[in-house]
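Here's the letter readout for the chains.
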Amino acid sequence: GRVENVACLIGIARNQRSLGGIVGLPFPNGKTDADVVLHYALLDNYGDERCSGTWTGEKFVSQSDDTAENDKEQTIISVLAGDSKDPILRNAKEACLASAQSIMAKVNGKNSNNNLLPQQKLIGGTASKLRTIAMGSNSITVLHFKTMLWDTCGPEALLEAKKGKITDLFG
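Now for a description of the structure that goes with this document. Only a predicted model underlies this, so the values are computations on that prediction, with no experimental measurement involved. (Residues numbered from 1 in each chain as written. Predicted model: local features only at pLDDT ≥ 70, side-chain atom pairs only at ≥ 80, totals over all residues. Heavy atoms only, no water.)

## Some words on the overall build of the protein chain
Applicable threshold: Per the convention used, a helix needs a DSSP run of H or I reaching at least four residues, while a strand needs a run of E reaching at least two, with both numbered from the N terminus. Between buried and exposed lies partly exposed: a residue is buried under 20% and exposed over 50% of the maximum accessible area for its type, with that area taken using a 1.4 Å probe on protein chains only. The contact criterion used throughout is that any non-hydrogen atoms of two residues lie within 4.5 Å. Values of accessible area rely on a 1.4 Å probe in the Shrake-Rupley scheme; residue burial ignores everything except the protein chains shown.
Assigned secondary structure in the protein chain consists of three helices and eight strands. Reading the secondary structure of the protein chain in the N-to-C direction produces β-β-β-β-β-β-α-β-α-β-α. Buried residues in the protein chain amount to 36% of all 171 residues. Across the protein chain, contacts joining residues at least 24 apart in sequence account for 53% of those joining residues at least 6 apart. For the protein chain, the accessible area works out to roughly 10900 Å², and carbon and sulfur atoms hold 51% of it.

## A look at helix α3 (residues 149–161)
Quick reminder of the rule: Helix span, as expected, comes to 1.5 Å for every residue beyond the first.
For α3, built from 13 residues, the straight-helix expectation of 18 Å at 1.5 Å per residue is met to within 8% by its first-to-last C-alpha distance of 18 Å. Among the 13 residues in α3, ten count as buried, and that is most of the element. Taken as a whole, α3 has its buried residues at T152, C153, G154, P155, E156, A157, L158, L159, E160 and A161. Those residues of α3 hidden inside the fold are in contact with β1 (8–14), β2 (17–25), β3 (37–43), β4 (49–55) and α2 (126–134). Following α3 by one or two positions, K163 adopts a phi angle in the positive range, close to 65°.

## A look at the pattern of salt bridges
Heads up, the rule is: The salt bridge criterion pairs a side-chain nitrogen of Lys or Arg with a carboxyl oxygen of Asp or Glu, the two atoms within 4 Å.
Counted according to the given criterion, the structure contains one salt bridge. Between R17 and E160 there is a salt bridge; the shortest N-O distance is 3.9 Å. On the criterion of sequence distance, the pair formed by R17 in strand β2 and E160 in helix α3 is long-range, its members being 143 residues apart. Residue class for R17 comes out partly exposed when judged on its relative accessible area of 32%. Judged by relative accessible area, E160 falls into the buried class, the value being 17%.

## Some details on the sheet that holds strand β6 (residues 78–81)
Adjacent strands of a sheet pair through backbone hydrogen bonds, lying either parallel or antiparallel. Rules: When DSSP locates at least two bridges between a pair of strands, those strands are taken to pair. To define axes, lines are fitted to C-alpha atoms, for helices over the stretch in contact only, and angles between the resulting N-to-C directions are given on a 0 to 180 degree scale.
The strand order across the open sheet built from three strands is β7-β6-β8, with neighbouring strands paired in parallel fashion. Two strands in the sheet have a free side with no partner beyond their single neighbour: β7 (119–122) and β8 (139–141). Strand-to-strand twist across the sheet, computed as the mean angle between neighbouring axes with direction ignored, equals 25°. As judged from the three bridges shared by β6 and β8, these two strands associate in the parallel manner. Note that in β8 the partner of L80 across the bridge is T141. Along the sheet, helix α1 (residues 87–108) contacts β6, β7 and β8; its crossing angle with β6, the most-contacted strand, is approximately 170°. Of the strands in this sheet, β6 and β8 are in contact with α2, which crosses β8 at around 160°.

## Digging into the environment of L25
Here L25 shows up in strand β2. Considered as a pair, L25 and A127 are 102 residues apart in the sequence and their alpha carbons are 9.9 Å apart. Contact partners of L25, with chain neighbours within four places excluded, come to V6, A7, V36, V37, H39 and R131.

## Considerations on the side chain of N108
The following threshold applies: Counting of polar contacts relies on pairs of N or O atoms within 3.5 Å, with two restrictions inside protein: one atom must be capable of donating a hydrogen and the other of accepting it, and residues adjacent in sequence are counted only when both atoms are side-chain atoms.
Checked against the element boundaries, N108 lands in helix α1. A distance of 2.7 Å separates a polar side-chain atom of N108 from the backbone nitrogen of T75.

Printed below as a string of structure tokens:
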């Protein structure tokens, strides 16, 4: 199967707002013999980060130590989506691809390769999509309509610690 999408979620919420979360990956990179990886974040009542980072089985890496460097000449945005056949979700994914291409053209400016297109990545599971974005990728995702609050509470804290945002289809 797709064991790389398996995640154990712990979310802490107050007044319908995510304040903390842990996303545990028992099979990181799809390997059943790898050490468990934990991503964590704790927010204050205003949504500001108190602490966040990653535990790799050997050590804790704080968010500031784990920041990905973005020295690439070209910014590429990925659109993360599942394999839904829902026509509204397919249209939303196409809108995200068009928006990503527009953003890439603006950000990359005259150095832009006109043939450069956003990447499309098939990723299953709400936690996997949100964790991928929170861990530093330039990405947009469309979550399916059956996503529940218990699917998003923990990963939402990770995303908000990185100043990310979850919205509905209308923004």
